[in-house]
Amino acid sequence: MIYYISDLHLFHKNVTKEGSDFDGRPYATLEEMHEDMRERWNRKITNGDTVYILGDVSLRGRLQDLIALVATLKGRKVLIRGNHDDTSDLRYQCLFDEICDYKEITDRLGKNTVHVVLSHYPILMWKNQHRGWIHLYGHLHNSGEYHYFQKLIEEMNREDFEARVPHGAPIRAYNVGCMLPYMDYEPRTLTEIAEYFHRVP
């Protein structure tokens, strides 16, 4: 199986109630967040699965602790680098099967095979977006920027949007930030993500 998640922000105090809690996460402490997210991950993921992490595994620093924690997460992990990812340490690099800034893959959505464009950052005009290619991204968390980006996607799906007319495929872009309600702090399949938006064919 293929799974996706982004913006774990491990060891970032300000995503918990220990700090500013800017994400509104339900965790009192970093230790509570780490333990809950690890339990959710390992309950669901097997070592035969692939998890695409779309950036910001952690804030920089505390490398020894970060290596120890990420090493306990099951599955084949592919990191699509985000703005907070420091991958300069070889020991940390070895925890991932691949590290890159952008990737195109194929996956299953319902009964169909689809192309997926992966990036930490949202892309407004991505490859083959009018031909059914789906864009997964992170970075924006559950912010005003995220909601604005989604409004733009909705606008581009209007019937009178000129660029959509030639092919008629819906334009689909999903934020896989772990804090979003359909992600709920664990990796999700493409079908799980799309079902939240009622767009599975």
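Residues numbered from 1 in each chain as written. Predicted model: local features only at pLDDT ≥ 70, side-chain atom pairs only at ≥ 80, totals over all residues. Heavy atoms only, no water.

Caption draft 1: Quick look at the nonpolar core. Residues Y4, I53, V57, L118, L136 and L190 are the most contacted members of the largest nonpolar core, which totals 59 residues. Setting aside anything within four residues of it in sequence, one finds L118 in contact with Y4, Y52, L54, I80, Y102, K103, I105 and L136. (Core = buried A, V, L, I, M, F, W, Y, C linked by side-chain atoms within 4.5 Å. Buried < 20%, exposed > 50% of the residue type's maximum accessible area, 1.4 Å probe, protein only. Contact = heavy atoms within 4.5 Å.)

Caption draft 2: Expanded view of the sheet that holds strand β5 (residues 102-109). Overall, mixed pairing links the four strands, which are arranged β5-β6-β7-β8 in an open sheet. Edge positions in the sheet fall to β5 and β8 (172-175), since each of these pairs with one other strand and no more. Between one strand axis and the next, the sheet turns by 30° as a mean value, whatever way the strands run. Pairing analysis gives eight bridges linking β5 to strand β6 (residues 112-119), with the strands arranged antiparallel. Note on β6: the bridge partner recorded for E104 is V117. Across the face of the sheet, helix α4 (residues 144-156) comes into contact with β7 (134-137) and β8 while running at roughly 165° to β8. (Pairing = 2+ DSSP bridges. Helix = DSSP H or I, 4+ residues; strand = E, 2+ residues; numbered from the N terminus. Axes fitted to C-alpha atoms, helices over the stretch in contact; angles between N-to-C directions.)

Caption draft 3: Main features of the packing of aromatic side chains. In total, this model carries eight aromatic pairs according to the counting rule given. Ring geometry for Y27 against Y185: centres 5.3 Å apart, planes inclined by 75°, an arrangement best described as edge-to-face. With Y27 in the loop between β1 (2-5) and α1 (30-44) and Y185 in the loop between β8 and α5 (190-196), this residue pair connects regions lying 158 residues apart in the sequence. One exposure class covers both Y27 and Y185, and it is buried. Taken together, the ring pairs in this structure connect Y174, Y182, Y196 and F197 into an aromatic cluster. (Phe/Tyr/Trp six-rings, centres within 6.5 Å; stacked < 30°, edge-to-face > 60°.)

Caption draft 4: Summary view of the pairing of β8. Of the two faces of β8, the one holding R172 and Y174 and the one holding A173 and N175 are both buried throughout. Pairing analysis gives four bridges linking β7 to β8, with the strands arranged parallel. Its bridge partner lying in β8, I134 is registered against R172.

Caption draft 5: The pattern of salt bridges, seen in detail. Scanning the model with the defined rule gives 18 salt bridges in all. A salt bridge links D21 to K17, with the shortest nitrogen-to-oxygen separation between them at 3.5 Å. The class for D21 is buried, based on a relative accessible area of 19%. Here D36 makes a salt bridge to R40, at a shortest N to O gap of 2.8 Å. Taken together, the positions of D36 and R40, both in helix α1 and four residues apart, correspond to about one turn of that helix. Beyond isolated ion pairs, a larger network of salt bridges with shared partners links D36, E39, R40, R43, K44, D184, E186, R188 and E192. (Salt bridge = Lys/Arg side-chain N within 4 Å of Asp/Glu carboxyl O.)

Nothing here speaks to function; it is all geometry.
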